[in-house]
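Fold and contact review
Now for the letters of each chain:
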Amino acid sequence: MDNNHDLWIEKYRPSDFDDVKGQDNIVKRVRAMVEGKNVQHMIFSGPPGVGKSSLALIIVKQLFGNNWRENLLELNASDARGIDTIRNDVKSFAKTLPIGSNIPKIIFLDEADALTREAQNALRRTMETYTNSARFLLSCNYSSQIIDAITSRCVIFRFRPLEKNHIREIVDKIAKNENLKVNDKVIDLLFEISVGVPFPPALTL
């Protein structure tokens, strides 16, 4: 597709660690894992739209370069939330060796808190069995909805809502590239819309 017709959400999706806004401590720790080729099982927890999926894709692209698609299984757990998905799709991918690399492949389960309890137990067993060939990256709104047997095996990163200055940086970049003029009132409105209903403070730490 011509870039001029791409949806902006994809056209301006962060493509490098430095592009991720508002999550400096998380990015620093994750970047160190990737540079050291020592990626652990991870849980990205936090509200929608704060960079969880974008950072997951950056990790895979940085690890595998041109072979990133072959070494990534990406599933939306809210669409495929049952045990059959874990037994079939996830297990089949996890047990095969990575392509063009000696780094374990990445299985990214978006909205993992939608998985049934039965599916989560099957996922825990798969994580244990295939730890040498695959790493699991789970994204969720609430990590409390993930069973302890999984969370205890993962590094948990809690993403915060973006602040207004982060929204401004993103909008200013898009406006410059698209030759648009954006005033402060528009920034205020975009910030209000993007934040939505605030999460309880305990869940955004």
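Residues numbered from 1 in each chain as written. Predicted model: local features only at pLDDT ≥ 70, side-chain atom pairs only at ≥ 80, totals over all residues. Heavy atoms only, no water.

1. A closer look at the environment of A134
Within the secondary structure layout, A134 lies in strand 4 (residues 134-140). We classify A134 as buried; its relative accessible area is 0%. (Helix = DSSP H or I, 4+ residues; strand = E, 2+ residues; numbered from the N terminus. Buried < 20%, exposed > 50% of the residue type's maximum accessible area, 1.4 Å probe, protein only.)

2. Remarks on the side chain of S45
Its place among the elements puts S45 in strand 1 (residues 42-45). Within polar-contact distance, the side chain of S45 engages the backbone nitrogen of S143 at 3.4 Å. What S45 contacts, discounting residues up to four positions off in sequence, is K52, C140, N141, Y142, S143, F157, R158 and F159. (Polar contact = N/O pair within 3.5 Å; in protein donor to acceptor, adjacent residues only side chain to side chain. Contact = heavy atoms within 4.5 Å.)

3. A look at the confidence of the model for the chain
Overall, the predicted model of the chain reaches an average pLDDT of 85, with 89% of residues at or above 70. Contacts for the low-pLDDT stretch residues 196-205, under 50 throughout, to residues beyond four places or in other chains number 12 contacts. (pLDDT = per-residue confidence, 0-100.)

4. A word on the side chain of R135
Note that R135 resides in strand 4. For the buried R135, which has no salt bridge, the nearest side chain bearing the opposite charge is E128, at an N-O separation of 14 Å. In terms of polar contacts, R135 uses its side chain to reach the backbone carbonyl oxygen of T131, at 2.3 Å. Filtering out sequence-adjacent residues up to four positions away, R135 remains in contact with V39, Q40, H41, P104, K105, I106 and I107. (Lys, Arg positive; Asp, Glu negative; His and termini not counted. Salt bridge = Lys/Arg side-chain N within 4 Å of Asp/Glu carboxyl O.)

5. A short note on the packing of helix 4 (residues 83-94) against helix 5 (residues 117-129)
One way to put it is that helix 4 packs onto helix 5 with a least axis distance of 8 Å and a crossing angle of 20°. Comparing their axes, helix 5 and helix 4 come out roughly parallel. Seen from above, helix 4 lies across helix 5 with right-handed handedness. For the pair helix 4 and helix 5, contact is made by I83, I86, V90, K91 and A94 and by E118, A119, A122, L123 and T126, respectively. Residues belonging to the contact of helix 4 with helix 5 are distributed by class as follows: seven nonpolar, one polar and two charged. (Axes fitted to C-alpha atoms, helices over the stretch in contact; angles between N-to-C directions. Parallel < 35°, antiparallel > 145°, perpendicular 65-115°, else oblique. Left-handed = near helix turned anticlockwise from the far one by under 90°. Nonpolar A, V, L, I, M, F, W, Y, C, P; charged D, E, K, R; others polar.)

6. Things to note about unusual backbone geometry
Backbone geometry at K37 places phi at a positive 55°, although glycine is not the residue there. Relative to the helices and strands, K37 is located in the loop between helix 2 (24-35) and strand 1. Its identity is not glycine, yet E111 carries a phi of approximately 55°, on the positive side. Relative to the helices and strands, E111 resides in the loop between strand 3 (105-110) and helix 5. According to the relative accessible area criterion, E111 is partly exposed, its value standing at 34%.

7. Some points on the packing of aromatic side chains
Evaluated as defined, the whole model comprises two aromatic pairs. Between F44 and F159 the ring centres are 5.0 Å apart and the planes differ by 50°, which places this aromatic pair in the tilted class. Placement of the pair is F44 in strand 1 and F159 in the loop between strand 5 (155-158) and helix 7 (164-177), with a sequence separation of 115 residues. With a relative accessible area of 0%, F44 lands in the buried category. You can call F159 buried: its relative accessible area is 0%. Here the basic side chain of K61 rests over the ring of W68, its NZ or CZ set 4.9 Å away from the ring centre. Stacked on the ring of F93, the Lys or Arg K105 has its end atom at 3.8 Å from the ring centre. (Phe/Tyr/Trp six-rings, centres within 6.5 Å; stacked < 30°, edge-to-face > 60°. Lys NZ or Arg CZ within 6 Å of the ring centre and 35° of its normal.)

8. Brief notes about the nonpolar core
Grouped burial of nonpolar side chains is what soluble globular proteins tend to show. Core analysis: the largest hydrophobic core is formed by 27 residues, its most contacted members being V30, M42, F44, L55 and I59. Among the secondary structure elements, those contributing two or more residues to this core are helix 2, strand 1, helix 3 (52-64) and strand 3. Top contributing element to this core by residue count: helix 3, with eight residues. Those residues in contact with V30 that lie beyond four places of it in its chain are F17, M42, F44, L55, I59 and F157. I43, L75, V90 and L115 belong to the second largest nonpolar core, which has 26 residues in total. (Core = buried A, V, L, I, M, F, W, Y, C linked by side-chain atoms within 4.5 Å.)

9. Side note on the pairing of strand 3
If a strand is regular, its side chains alternate between the two faces of the sheet. Within strand 3, six of the six residues are buried, which leaves the element mostly enclosed by the surrounding structure. Where burial is concerned, the two faces of strand 3 agree: the one with K105, I107 and L109 and the one with I106, F108 and D110 are both buried. In this sheet, strand 3 lies alongside strand 2 (residues 72-76) in parallel orientation, the contact comprising five bridges. Bridged to E74 within strand 3 is F108. (Pairing = 2+ DSSP bridges.)

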